[in-house]
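Breakdown of the fold
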Amino acid sequence: MRLVHEVSVISNIVSAILKELENHDAVSVVSVDLVIGDMTMLGDEQLIFAYEIVTRDTVLEGSKLNIEHEAIEVKCNSCEYKGPVRMLESGDYTSHKIPVMSCPECGGGIEMISGQSCCVRSIEIEESD
Ligand SMILES: [Zn+2]
């Protein structure tokens, strides 16, 4: 399993969450919701596996990682097009789809408006009372 990328992404996210949790009286963390853009090419299975490794021996250990996908959306610089990009099947065993970074309508240059996210939407914690 190719994991290097996912592990470094998850390490960054986990250390940011741990830092944030210092401001709360968190006893334990129930779940963490991530938003992952399709442009990042990060695999769910790999992210969850990496999360389990990275959160070991932290307050996040045993919490659930929920992954929400954000579709790639672009807008054209030449025409009025706004929407998804054309995807090419890579055809290899990874079944990754490769986005075509030009306007599907006119072939012009495009600007990405979504699909690059890699962020935390919410963290559900159990606080002591
Ligand atoms: Zn166009």
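Preceding block: the structure.
To start, this report covers the structure provided alongside it. Here the structure is a predicted model, which means the values were calculated and not measured. (Residues numbered from 1 in each chain as written. Predicted model: local features only at pLDDT ≥ 70, side-chain atom pairs only at ≥ 80, totals over all residues.)

**Observations concerning the packing of helix α1 (residues 4-21) against helix α2 (residues 44-54)**
Orientation of α1 relative to α2, taken along the N-to-C sense of each, is 55°, at an axis distance of 9 Å. Considering their axes alone, α1 and α2 lie oblique with respect to each other. In the crossing of α1 with α2, the sense of the turn from one axis to the other is right-handed. Packed against α1, whose contacting residues are E6, V7, I10, S11 and V14, the element α2 presents Q46, L47, A50, Y51 and V54 at the interface. (Axes fitted to C-alpha atoms, helices over the stretch in contact; angles between N-to-C directions. Helix = DSSP H or I, 4+ residues; strand = E, 2+ residues; numbered from the N terminus. Parallel < 35°, antiparallel > 145°, perpendicular 65-115°, else oblique. Left-handed = near helix turned anticlockwise from the far one by under 90°. Contact = placed C-beta atoms within 7 Å.)

**Things to note about α1**
Here α1 contains 18 residues, and its C-alpha end-to-end distance of 26 Å stays within 8% of the 26 Å for a straight helix at 1.5 Å per residue. When we look at burial in α1, the residues that qualify are E6, V9, I10, I13, V14 and I17. The buried side chains of α1 occupy one side of the element, clustering within an arc of 130° when seen end-on. Of the residues in α1, the exposed ones pointing more than 90 degrees away from the buried face are V4, S8, N12, S15, A16 and K19. Where α1 is buried, its residues touch β1 (26-37), α2 and β8 (118-127). (Expected span 1.5 Å × (residues − 1). Buried ≥ 20, exposed ≤ 12 C-beta atoms within 10 Å, placed from the backbone. Arc of directions from axis to C-beta.)

**Let's talk about unusual backbone geometry**
Positive phi, close to 60°, is recorded for M41, a residue that is not glycine. The partly exposed category is assigned to M41, around which 14 C-beta atoms lie within 10 Å. With phi around 65°, D57 is a residue other than glycine that occupies positive phi space. Its place among the elements puts D57 in the loop between α2 and β2 (64-70).

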